[in-house]
Amino acid sequence: MIRINCPFCGVREHTEFTYGEDATRRAPAVDAPMAEWLTYVYERDNVVGPHMEYWHHALGCRSWIKVKRDTQTHAILWVGLPQDNPEADL
């Protein structure tokens, strides 16, 4: 079982959270061509290894958090707020 350390609630089971999305992607400009939007919505990398993601603490404080998770082992490497940067914390 994955355990996520919510910055507000402490360590909780992953079943309290829902996956949000890839935290490394940036949406195109509102007036970007349709091709850019189609790429953004439908084309995703299948990352192997450490990856930054957004998670929602749906059954807890309802906050959005940023999680760096290893997609192979599911190990949680870092947890912070959406505006936080793990490299800045080192």
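Preceding this paragraph is the structure being described.
No experiment lies behind these values; they were computed from the predicted model shown.

Participant: What is the right way to look at the packing of aromatic side chains in this model?
Facilitator: The geometry of two aromatic rings is summed up by the distance between their centres and the angle between their planes. Under the definition given, this model contains 2 aromatic pairs. For the pair Tyr-19 and Trp-55, a centre-to-centre distance of 5.8 Å together with 90° between the ring planes defines the contact as edge-to-face. Note that Tyr-19 is positioned in strand 3 (residues 18-22) and Trp-55 in strand 4 (residues 50-56), a separation of 36 residues in sequence. On the accessibility criterion, Tyr-19 (44% relative accessible area) is partly exposed. Ring centres 5.8 Å apart and planes at 85° place the aromatic pair Trp-37 and Tyr-40 in the edge-to-face group. Taken together, the residues span about one helical turn, with Trp-37 and Tyr-40 both in helix 1 (residues 34-42) at a distance of 3 residues. A relative accessible area of 18% places Tyr-40 in the buried class.

Criteria and cut-off values
- Every chain begins its residue count from 1, and numbering advances along the sequence as written.
- Note on the predicted model: pLDDT of at least 70 is required for a residue's local features to be given, and 80 or more for side-chain atom pairs to be given and counted; whole-chain, interface and lining totals, by contrast, use all residues.
- Water and hydrogen atoms play no part in the side-chain values, which are based on all heavy atoms of the structure.
- Note on ring pairs: Phe, Tyr and Trp rings are taken, using the six-membered ring of Trp, and paired if centres are within 6.5 Å. Classes follow the plane angle, with under 30 degrees stacked, over 60 edge-to-face and the rest tilted.
- Helix and strand labels come from DSSP, where a helix needs a run of H or I of at least four residues and a strand needs a run of E of at least two; each type is numbered from the N terminus.
- Only protein chains enter the accessibility calculation, which uses a 1.4 Å probe. A residue is then buried if its area is under 20% of the maximum for its type, exposed if over 50%, and partly exposed in between.

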